[in-house]
Amino acid sequence: MLELQALTRRFDTTTAVDGVSLTVPAGQMLGIIGRSGAGKSTLLRLVNRLVEPSAGRILAEGRDVTALHGWALRAWRRDCAMVFQQFNLVQRLDVLTNVLVGRLAHQHGLRRALVLLTGTFSAAERAMALAALDRFGLAEVALQRAETLSGGQQQRVALCRALMQAPRLILADEPIASLDPMNARAVMEALRQVNRAEGITVLVNLHHLDTAREYCDRILAMQAGRVVFDGRPEALDAAR
Ligand code: ADP
Ligand code: ADP
């Protein structure tokens, strides 16, 4: 369970996240919607401490995440796998190696992982990466360079990489914003499959309400850093 308590982040002139309080039960798929600049991305980055809060607290299973340092902070970041709008794959590397980076990130943190890339992976790790790819119909392209894949395929590869971290939480920041509708659908279905099958909690920033309504258990709407709606998709229909 993840709990945000009056979480606030100010930048010089703006309050990107303004006193957000919310409890996310383990295994929930939470869609965060709102216009550009509403604070969605900052909210996700606060959760894995890529951005530090100006005020407020984050608790995970009752533990104060905002107070973590050193190895404990790195362990928390490994618990929170990130998925980005631009996939962030190493384009010139093959798909399988891109997925295996997640395994190195699990052991060493992402930054060192990229440095250690030349190291070898065990047969078990390669099998694990292949199984992850196979699940999303990507085993055939495992040895192709990432740059040869479509955006939707690349995003699913990024999801496989995230899974190699054995995360408890997936933080997906506009994962479908640069995809066509068909690829967007495939990525949302992959996210939901991971959420349902593994019980991994998913926090996903989305531009379109319809997508959130279709795939998420709960919708959080943000406006100028504040939560303006929080509830089940059905409740949103009733409020309109
Ligand atoms: P969203 O993800 O909903 O588009 P963001 O969280 O990216 O919103 O941004 C919320 C607000 O905070 C915006 O006004 C944005 O310009 C501002 N902001 C975000 N990051 C920074 C930063 N590093 N420095 C200054 N302002 C920032
Ligand atoms: P540190 O700088 O404390 O050693 P890490 O090296 O673990 O932290 O991670 C560097 C940054 O990259 C962190 O902010 C972390 O949230 C992020 N990160 C870690 N793993 C991944 C991943 N698989 N994909 C994307 N981002 C990641």
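The structure presented is a predicted model; accordingly, all values stated were derived computationally and were not measured.

Caption draft 1: The sheet that holds strand E7 (residues 169–173), seen in detail. Taken together, six strands build an open sheet; the order of strands is E6-E7-E8-E3-E9-E10 and the sheet is mixed. Pairing within the sheet leaves two strands with one partner each, and these edge strands are strand E6 (80–83) and strand E10 (226–231). Across the sheet, the axes of successive neighbouring strands diverge by a mean angle of 20 degrees, strand direction being ignored. Alignment of E6 against E7, held across four bridges, turns out to be parallel. Among the inter-strand pairings, Val83 is bridged to a residue of E7, identified as Ala172. Relative to the sheet, helix H1 (residues 40–47) contacts strand E3 (29–33), E6, E7, strand E8 (201–206) and strand E9 (218–223), its axis offset from that of E7 by approximately 150 degrees.

Caption draft 2: Expanded view of the site of ligand 1. In the neighbourhood of ligand 1, the contacting residues comprise Phe11, Thr14, Ala16, Arg35, Ser36, Gly37, Ala38, Gly39, Lys40, Ser41 and Thr42. Interatomic distance of 3.1 Å between a backbone N/O atom of Ala38 and an oxygen atom of ligand 1. For ligand 1, an oxygen atom lies 2.8 Å from a polar atom in the side chain of Lys40. A total of 560 Å² of accessible area belongs to ligand 1 in isolation, and the protein chains cover 60% of it. For the shell around ligand 1, the element with the highest residue contribution is H1, accounting for three residues.

Caption draft 3: Seen up close, the environment of Gly231. Here Gly231 is to be found in strand E10. Taking the relative accessible area as the measure of exposure, Gly231 reaches 14% and is therefore buried. Contacts of Gly231, omitting those with residues within four sequence positions, involve Arg218 and Ile219.

Caption draft 4: Representation of unusual backbone geometry. For Arg49, which is not glycine, the phi dihedral falls at a positive 65 degrees. Turning to its location among the elements, Arg49 is positioned in the loop between H1 and strand E4 (55–60). Phi is positive for Ala224, which is not a glycine, with a value near 45 degrees. Summarising the element assignment, Ala224 is placed in the loop between E9 and E10.

Caption draft 5: Expanded view of the packing of helix H3 (residues 95–108) against helix H6 (residues 151–163). Look at H3 against H6: their axes get within 6 Å of each other, and the N-to-C directions meet at 35 degrees. Here the hand of the crossing between H3 and H6 comes out right-handed. In contact with Val95, Asn98, Val99, Val101 and Gly102 of H3, H6 contributes Val157, Cys160 and Arg161. Broken down by class, the residue content of the contact of H3 with H6 amounts to five nonpolar, two polar and one charged.

Caption draft 6: Layout of the layout of surface pockets. Roughly 200 Å³ of internal volume is contained in the second largest pocket. For the second largest pocket, the full set of lining residues is Ile33, Gly34, Arg35, Ala38, His207, His208, Leu209, Ala221, Met222, Gln223 and Val228. Of the residues forming the lining of the second largest pocket, the biggest block, three residues, is contributed by E9. Here the residues of the lining of the second largest pocket sort into six nonpolar, four polar and one charged.

Calculation rules
Residues numbered from 1 in each chain as written. Chains lettered and ligands numbered in written order. Predicted model: local features only at pLDDT ≥ 70, side-chain atom pairs only at ≥ 80, totals over all residues. Heavy atoms only, no water. Pairing = 2+ DSSP bridges. Helix = DSSP H or I, 4+ residues; strand = E, 2+ residues; numbered from the N terminus. Axes fitted to C-alpha atoms, helices over the stretch in contact; angles between N-to-C directions. Contact = heavy atoms within 4.5 Å. Near = heavy atom within 4 Å. Polar contact = N/O pair within 3.5 Å; in protein donor to acceptor, adjacent residues only side chain to side chain. Areas by Shrake-Rupley, 256 points an atom, 1.4 Å probe, with all protein chains shown as cover. Buried < 20%, exposed > 50% of the residue type's maximum accessible area, 1.4 Å probe, protein only. Left-handed = near helix turned anticlockwise from the far one by under 90°. Nonpolar A, V, L, I, M, F, W, Y, C, P; charged D, E, K, R; others polar. 1 Å grid on protein atoms, 1.4 Å probe; cavity = no way out; pocket = protein on both sides within 12 Å on 5 of 7 lines; lining within 4 Å. Points joined across faces, edges and corners; volume = space filled by probe spheres on them.

Note that every value here comes from positions in space, so none of it alone points to a role or purpose.
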